[in-house]
Amino acid sequence: MPTAAFGFTVTHRDGAARRGVLHTPHGDVQTPVFMPVGTRGAVKALTPRDLEDVGATMILGNTYHLHLRPGDALVARRGGLHRFIGWPRPMLTDSGGYQVFSLGARRTISEAGVVFRSHLDGRRHELTPERAVEIQAQLGADVAMILDECPPSGIDEAAARAAMTRTLRWAARGRAHVERVRAHDTAILATNPGQAQFGIVQGGVFPHLRAESAARTVEIGFEGYAIGGLSVGEPVDVMYRVVEETAPALPDDRPRYLMGTGLPDDLVECVARGIDMFDCVLPTRNARNGQLLTRHGRMNIKNAAYAEDDRPVDEACACYTCRTCSRAYLRHLFVAGEMTAATLNSIHNLHFYLDTMRRIREAIEFGSFEGFRQAFHRSFSRTAIVP
Ligand SMILES: [Zn+2]
């Protein structure tokens with residue numbers, strides 16, 4: 001049974017690009033949307049007020065980290081993640097699988113699930129498709145993800161098939177368990193009765209595996225669908241091809257979420273191929289490393305060339321950082337190791353991402369997305385260093 005509080009409406013189309021509204025228990029989200037990543041219950045260096053100021057409408061929390069500390073049961077007793085972190089708007093949690101799979105030697109995968117040792121204290125934990133449902137139900141985000149097997153890039157077809165078919169079996173178990181949680185047939189404290197569950201398409205870079213994964217995931221039936229296993233090191237044209245082939249195989253009336261991508265030009269290109277939702281740590285992680293993203297490309301703020309540069313990072317940017325700070329000041333803060341550097345840099349990078357999404361939505365509404373796309377690529381280059 002679908003949740004009454006969750007839905008998706010496509011309002012405009014331009015080519016394969018879609019402009020829509022995601023309806024959630026914590027309000028509507030205009031799509032295409034970019035979700036900043038709040039790993040441990042906070043988008044690093046920012047307050048919820050900063051997030052509202054830069055235009056964030058939906059954020060992501062990492063189940064692995066929140067499960068280990070402070071624990072999803074503790075969060076549930078505080079009324080759920082929204083209330084606990086003071087963010088009353090929509091949220092999504094991942095399944096925890098991605099972090100667990102990247103633990104390498106500290107985890108063992110079997111058909112039942114993944115047994116792993118915490119990176120914090122070495123204690124043993126088990127993440128199964130059912131536990132992933134329960135942990136996320138206690139956290140209570142508006143969208144929960146199924147546990148999938150995320151293989152590394154570069155695997156052969158047999159390995160990609162094995163991960164894809166296991167993901168399908170785990171998806172069926174996760175769906176069956178979410179129905180039990182919704183029917184109050186478990187002991188867990190679900191904090192968001194309107195929570196939606198998304199399935200995840202796997203299959204590596206192999207078109208027939210992606211097609212089979214999409215068809216069989218849709219057969220199980222979810223409120224939305226994600227494309228997983230991309231942005232893991234494959235060439236960018238391969239990622240675009242997989243998105244282009246997979247998105248049309250997903251139901252037109254459900255949101256499509258590309259997990260963990262990417263650079264600003266990736267967002268434009270994947271919207272052009274029918275994606276509605278994105279998340280990525282890149283704008284905030286780069287900000288903390290002193291790398292700013294602008295309309296023209298990258299800027300390493302620690303560069304000596306900015307030591308006496310009184311200009312803002314980007315003259316056309318309306319963010320708080322660009323309205324109030326010079327490159328010279330930002331460079332000084334970064335070189336001196338001031339915490340404020342991370343905050344000001346993150347505000348700019350997220351504003352740039354979210355403003356790009358706003359311009360994408362506007363272009364789709366006006367039927368001018370193709371013109372926007374070409375103009376964006378003329379201005380932005382992922383390899384250009386801004387002088
Ligand atoms: Zn700015």
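Whatever comes next refers back to the structure up there.
The present account deals with the structure reproduced in this document. (Residues numbered from 1 in each chain as written. Predicted model: local features only at pLDDT ≥ 70, side-chain atom pairs only at ≥ 80, totals over all residues. Heavy atoms only, no water.)

A word on the overall build of the chain. Helix and strand content of the chain: 15 helices and 17 strands. In terms of overall size, the chain behaves like a compact globule, its C-alpha atoms giving a radius of gyration of 21 Å where 387 residues would be expected to give roughly 21 Å. Dimensions along the principal axes, computed over C-alpha positions, put the chain at roughly 60 × 45 × 40 Å. The proportion of buried residues among the 387 residues of the chain is 56%. Summarising the internal contacts of the chain: among those between residues at least 6 apart in sequence, 68% fall at separations of at least 24. Mean positive and mean negative side-chain charge positions of the chain (45 and 43 charges, respectively) differ by 4 Å. (Helix = DSSP H or I, 4+ residues; strand = E, 2+ residues; numbered from the N terminus. Rg over C-alpha atoms; globule rule 2.2 N^0.38 Å. Buried < 20%, exposed > 50% of the residue type's maximum accessible area, 1.4 Å probe, protein only. Contact = heavy atoms within 4.5 Å. Lys, Arg positive; Asp, Glu negative; His and termini not counted. Charge placed at Lys NZ, Arg CZ, Asp CG, Glu CD.)

Evaluated as defined, the whole model comprises 0 disulfides. There is no disulfide at Cys270, and the cysteine sulfur nearest it, in Cys280, is 11 Å away. (Disulfide = S-S within 2.5 Å.)

On to the environment of Asn62, then. Secondary-structure assignment places Asn62 in the loop between β6 (59–61) and α2 (63–68). Distance in space between the C-alpha atoms of Asn62 and Tyr98 is 9.5 Å, their sequence separation being 36 residues. Apart from residues lying up to four places away in sequence, Asn62 is in contact with Val37, Gly38, Thr39, Asp94 and Gln99.

Perfect tetrahedral coordination of a metal by four donors corresponds to 109.5 degrees between them, and perfect octahedral coordination by six donors corresponds to 90 or 180 degrees. On the protein side, the zinc ion has Cys317 (SG), Cys319 (SG), Cys322 (SG) and His348 (ND1) as donor atoms, found 2.1 to 2.3 Å from it. Sequence spacing among the residues donating to the zinc ion works out to C-x1-C-x2-C-x25-H. With Cys319 in the loop between β17 (297–300) and α12 (320–324) and His348 in helix α14 (residues 339–366), this residue pair connects regions lying 29 residues apart in the sequence. A relative accessible area of 1% places His348 in the buried class. (Donors = N, O, S within 2.8 Å, 3.2 Å for Na, K, Ca; no water.)

Pairing within the open sheet is parallel, and its 9 strands lie in the order β4-β15-β14-β13-β12-β11-β7-β6-β5. Looking along the sheet, the strands with just one partner apiece sit at the ends: β4 (33–35) and β5 (37–38). Pairing geometry for strand β13 (residues 224–227) and strand β14 (residues 256–258), over 3 bridges, is parallel. Each bridged residue has a counterpart across the sheet, and for Tyr225 the counterpart in β14 is Arg256. Packing of α14 onto the sheet brings it into contact with β4 and β15 (277–279), and relative to β4 it is tilted by some 160°. (Pairing = 2+ DSSP bridges. Axes fitted to C-alpha atoms, helices over the stretch in contact; angles between N-to-C directions.)

For the rest of this paragraph, the subject is the sheet that holds strand β9 (residues 114–117). Overall, antiparallel pairing links the 3 strands, which are arranged β8-β9-β10 in an open sheet. Two strands close off the open sheet at either side, each with one partner strand: β8 (107–109) and β10 (124–127). Each neighbouring strand pair of the sheet contributes to a mean axis angle of 15°, computed without reference to strand direction. In terms of strand pairing, β9 meets β10 through 4 bridges, oriented antiparallel. Its bridge partner lying in β10, Val114 is registered against Leu127.

Attention now goes to the layout of surface pockets. Empty space among the atoms can be located by rolling a probe the size of a water molecule over them. Considering only enclosed or pocket space, the largest pocket measures out at about 920 Å³ in volume. Of all the elements in the fold, those that place two or more residues in the lining of the largest pocket are α5 (97–101), α9 (236–246) and α11 (282–288). Tallying contributions element by element places α11 first for the lining of the largest pocket, with 4 residues. Looking at the lining of the largest pocket residue by residue, the classes come out as 16 nonpolar, 16 polar and 10 charged. (1 Å grid on protein atoms, 1.4 Å probe; cavity = no way out; pocket = protein on both sides within 12 Å on 5 of 7 lines; lining within 4 Å. Points joined across faces, edges and corners; volume = space filled by probe spheres on them. Nonpolar A, V, L, I, M, F, W, Y, C, P; charged D, E, K, R; others polar.)

Attention now moves to the packing of aromatic side chains. One pass over the full model with this rule turns up 9 aromatic pairs. For the ring pair Tyr64 and Phe116, a centre distance of 5.6 Å and an interplane angle of 50° mean the geometry is tilted. Residue Tyr64 is located in helix α2, and its partner Phe116 is located in strand β9; the two are separated by 52 residues in the primary sequence. Each member of the pair, Tyr64 as well as Phe116, is classed as buried. (Phe/Tyr/Trp six-rings, centres within 6.5 Å; stacked < 30°, edge-to-face > 60°.)

Let's shift gears to the packing of helix α13 (residues 327–336) against α14. Interaxial distance between α13 and α14 falls to 7 Å at its minimum, and their mutual angle equals 135°. Judged on the interaxial angle alone, α14 and α13 are oblique. The crossing of α13 and α14 is left-handed. Within the contact between the two elements, α13 uses Tyr329, Leu330, Leu333 and Phe334 and α14 uses Thr340, Ala341, Leu344 and Asn345. Of the residues belonging to the contact of α13 with α14, the class tally is 6 nonpolar, 2 polar and no charged. (Parallel < 35°, antiparallel > 145°, perpendicular 65-115°, else oblique. Left-handed = near helix turned anticlockwise from the far one by under 90°.)

This part is about the side chain of Asp94. Assignment of secondary structure puts Asp94 in the loop between β7 (91–93) and α5. Asp94 has contacts with Gly61, Asn62, Thr63, Tyr64, Gln99, Gln136 and Met145, leaving out every residue within four places of it along the chain.

In terms of nonpolar packing, the biggest core is built from 101 residues, with Phe34, Leu92, Met145, Tyr257, Met277, Phe278 and Phe369 touching the most fellow members. Looking at this core element by element, the count peaks at 11 residues for α14. Each residue touching Tyr257, except ones within four places of it in the same chain, is listed here: Met35, Leu60, Leu92, Met145, Phe198, Tyr225, Ala226, Ile227, Met277, Phe278 and Asp279. (Core = buried A, V, L, I, M, F, W, Y, C linked by side-chain atoms within 4.5 Å.)

Keep in mind these numbers describe shape, not what the thing actually does.
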